[in-house]
Amino acid sequence: MLIQRGMSERASHARQDQAGRFATPLSNTTRLWTGLSCLALGLGMAPTAWAEAPTADASAETHIEAQGSDVKHSGVKNPDAQSQGDQNQQSPRPDAATDASASQPAPSDQTRMASLDALYEEVTSQAKQLADAPYETSDTALPDALQDMDYDRYRQIRFRPDKALWRDQSLFEVQLFHTGFLYDQPVSLNLVEPRDDSDQIEVSPLPFDQGYFRYDDAAAPIGEALAKESSDDQANNDIGYAGFRLHYPLNRGDYRDEFVVFLGASYFRLVGRDQSYGLSARGLAIDTASPQGEEFPAFTDFWLAKPAPDATHIQVLALLDSPSVSGAYRFDITPGESSTVDVEARLFAREDVKKLGVAPLTSMFWHGSLERMHDDDYRPRVHDSNGLSMHTAKGEWIWRPLSNPTQLHISSLRDDTPQGFGLVQRPRAFDDYLDMEARYDLRPSQWVTPQGGDWGAGGVELVEIPTENETNDNIIAYWVPDAPFEAGESRTYRYRTATFGAYPPSLELAGVVHTRQGWGGVPGQDDTPPKSRRHFIVDFRGGELSSLDASQPVEMTLSTSSGELLTEQVQPLPDGKTWRASFRLQPDGDKPADMRLSLTLRGQPLTETWNYVWYPRR
């Protein structure tokens, strides 16, 4: 029997200032379902060993006993996950609010021993018990000093790097996020550490300790107020933590860089070597862009397993809850040039779920080279990702350029257990963005590779939301299974999510490097075509294509769901590495045109498939 903190409350699911569901008006929605014409390349995946999820039983012998403290819950996503953490400032600020000891908690008499696998079974049992009971919202209220806090003041609360958990004991360190600002629902953190060099582990809850933080400048009164409200019995004044981040010597051997952060609802962000934070991953998405409003599941509890001193990966367990679904998650995290997270999600449906979004990725696209730019901005591009890439079960590679639409767009790429999908930041040069502050050229791409479980038939759904600036995430991509997830059912999804640069490592074909469009007329022509006629330019580079002589009979395969295709042409560009495909589209009234384009040589594919939907009324 493993004894843990109390489980009397449930996770809240807020985002920004929206609690519960985020409504999306269908009157502004365009939905397009795209069928895939797959090439049978038959690429396989390396096998991965995983433990199957047990059959959950309410009468199982293993269970959790409450210790009397309230469970804490996660809050919402902050666009800047690094807001608390001046990593270069090592000296504590001496004031009354930060004199408390920040030593790590000693093992409690109430902790019990178990292996990490057994602990994961306990977390799975908790998730099943949550799903079997009615959902309860949290009534946890933060102290007055932490309520109604603005972003600038929140940034002045900084974790003390010299107080990092496991500092000088492992290659990994843990730093914590303070509650406040958008993060008004704390999470419960638990440390999982080996005992006496044995194969057993010890689980200890991590209570809030004000000594971990500095309260600088405008935040100093907050620290003083919290110090006055605290008492010697911290268990009764435990305001918890908003989340945590992991550090590792990723870029330099003498410095531990932040490389992954868990903060807000079920969000987590990941970077590889020489990358900066950009897009986010999420544990689960429910009813995204649905008329009934989106539900935001939240991680409510985490278990952080202390690695061995020379270990290069770390494991984290998490409990997720929401009105419709609960779940037990296992993350095996490995930092590197491509940082990877092997995820196992065991899900339990409390209510019927109309749309389940598995392995969600969330990003931002404001403007790029595809559409004309009407905003007053010196930068040629502003985005965290500029395309959705998919590798189908039969081996076809698909590239879907992203857009900032004038109304909500929802599209789906259909398949049966795809080999992978991801959101990609393909332009990697500084001159592509000209932004010295945001450095969009350093933002990571992220890939999802299914590795077993209940994937089956479904589709990668892409949601594109209109945005007027770069501060809002407006791109979401996730897998939606065809089979409905009904109350009382359980599912397991296993996948790897990993960072990369411009192209997925397994892509051997030429990729799209540019997509452009403009009016399809020719200056000075007598019979001027309508402004609705569009001229599309698609440039490909890489693979065998870049080594072909201009005399080779490279051909274009082009199709559209509506409208008329005109003046198709393929030609090499002067650099000797890039080939251009160009054509004109005359739309059929206001009907969207779902276009597909690829290049072949004597019937063999040379490129990924460019797939784009043109909305004439955009």
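In this text the structure is predicted, and so the values were computed from the model without any measurement.

Undergrad: Can you walk me through the overall build of the protein in this structure?
TA: Each helix and strand in the protein was counted, giving 3 helices and 39 strands. The burial tally for the protein puts 58% of its 618 residues in the buried class. Restricting the contact set of the protein to residue pairs at least 6 apart, pairs at least 24 apart contribute 74%.

Undergrad: Looking at this structure, I do not really get the pattern of salt bridges. What am I missing?
TA: Per the counting criterion, the structure on display carries 26 salt bridges. In this structure, Glu-173 and Arg-167 form a salt bridge, with 3.7 Å as the shortest nitrogen-oxygen distance. Glu-173 sits in the buried class, given a relative accessible area of 5%. Through salt bridges that share partners, Glu-121, Glu-344, Arg-346 and Arg-494 make up one connected network.

Undergrad: Hey, could you run me through a negative patch on the surface in this one?
TA: A contiguous patch of negative charge, built from Glu-351, Asp-352, Glu-486 and Glu-489, is present on the exposed surface. Within the secondary structure, Glu-486 is located in the loop between strand E30 (475-481) and strand E31 (490-500). Here Glu-486 falls in the partly exposed class, since its relative accessible area comes to 38%.

Undergrad: I would appreciate a short explanation of the sheet that holds strand E32 (residues 511-519) in the present structure.
TA: Consider a sheet: its strands pair through backbone hydrogen bonds, and that pairing is either parallel or antiparallel. Across the sheet, which stays open at both edges, the 4 strands sit in the order E32-E33-E36-E35 with antiparallel pairing between neighbours. Edge positions in the sheet fall to E32 and strand E35 (564-572), since each of these pairs with one other strand and no more. Across the sheet, the axes of successive neighbouring strands diverge by a mean angle of 15 degrees, strand direction being ignored. Two elements, E35 and strand E36 (residues 578-586), share 7 bridges in a ladder whose sense is antiparallel. By the bridge assignment, Leu-566 is partnered in E36 with Arg-584.

Undergrad: Help me out: how do you make sense of the packing of aromatic side chains in this one?
TA: For any pair of aromatic rings, the description rests on two quantities: the centre-to-centre distance and the angle between the ring planes. All chains considered together, the criterion is met by 34 aromatic pairs. Taking 6.1 Å as the distance between ring centres and 90 degrees as the angle between the ring planes, the aromatic pair formed by Trp-455 and Tyr-495 counts as edge-to-face. Highlighted residues: Trp-455 in the loop between strand E28 (445-453) and strand E29 (457-464) and Tyr-495 in strand E31, separated in sequence by 40 residues. We note that Trp-455, like Tyr-495, is buried. Positioned over the ring face of Tyr-378 is Arg-379, at 6.0 Å from the centre of the ring.

Undergrad: Please explain the side chain of Asp-539 as it appears in this structure.
TA: Position of Asp-539 relative to the elements: it lies in strand E33 (residues 534-541). Asp-539 gets classed as buried once you look at its relative accessible area, which sits at 2%. Here the side chain of Asp-539 touches Arg-580 through a polar contact of 2.8 Å, side chain to side chain. Apart from residues no more than four positions distant in its own chain, Asp-539 is found in contact with Gly-511, Val-512, Val-513, His-514, Arg-516, Leu-573, Thr-578, Trp-579 and Arg-580.

Undergrad: I would appreciate a short explanation of the pairing of strand E9 (residues 188-194) in the present structure.
TA: In summary, the side chains of a regular strand alternate between the two faces of the sheet. With respect to burial, E9 is a largely interior element, 5 of its 7 residues being buried. Bridging between E9 and strand E17 (residues 298-305) involves 5 bridges; their strand directions are parallel. Each residue of the ladder has a partner; that of Leu-191, found in E17, is Leu-304. For E9 and strand E10 (residues 201-205), the ladder comprises 5 bridges, and the chain directions are antiparallel. Bridge pairing in E10 links Val-192 to Val-203.

The rules behind these values
In this numbering scheme, every chain counts its residues from 1 along its sequence in written order. For a predicted model such as this one, the threshold for reporting local features is a pLDDT of at least 70, and the threshold for listing and counting side-chain atom pairs is 80 or more; totals across whole chains, interfaces and linings nevertheless cover every residue. Where side-chain values are given, they derive from all heavy atoms of the structure, hydrogens and water being excluded. Numbering goes from the N terminus for both helices and strands, where a helix is a DSSP run of H or I of at least four residues and a strand is a run of E of at least two. Here's how the labels work: a residue is buried when its accessible area is under 20% of the maximum for its type, exposed when over 50%, partly exposed in between, all with a 1.4 Å probe on protein chains only. By definition, residues are in contact when any of their heavy atoms lie within 4.5 Å. The rule for a salt bridge is simple: a side-chain nitrogen of Lys or Arg has to be within 4 Å of a carboxyl oxygen of Asp or Glu. Patch building starts from residues that exceed 30% relative accessible area and form no salt bridge, then joins like charges within 9 Å and nonpolar side chains (Val, Leu, Ile, Met, Phe, Trp, Tyr) within 5 Å. The Shrake-Rupley method, run with a 1.4 Å probe, gives the accessible areas here. Residue values count only the displayed protein chains as cover. Two residue types count as positive, namely Lys and Arg, and two as negative, namely Asp and Glu; His and chain ends fall outside the count. A charged residue contributes its charge at one atom only: NZ of Lys, CZ of Arg, CG of Asp or CD of Glu. At least two bridges found by DSSP between two strands are what make those strands a pair. Note on definitions: angles span 0 to 180 degrees between N-to-C directions of axes, and those axes are lines fitted to C-alpha atoms, for helices only across the stretch in contact. Any two rings among Phe, Tyr and Trp, with Trp reduced to its six-membered ring, count as a pair given centres within 6.5 Å; such a pair is stacked if its planes are under 30 degrees apart, edge-to-face if over 60, and tilted if neither. Only when the NZ of Lys or the CZ of Arg is both within 6 Å of the ring centre and within 35 degrees of the ring normal is a charge said to sit over the ring. Identification of polar contacts relies on pairs of N or O atoms within 3.5 Å, with a donor-acceptor requirement for protein atoms, meaning one able to donate a hydrogen and the other able to accept it, and with residues adjacent in sequence counted only if both atoms are side-chain atoms.

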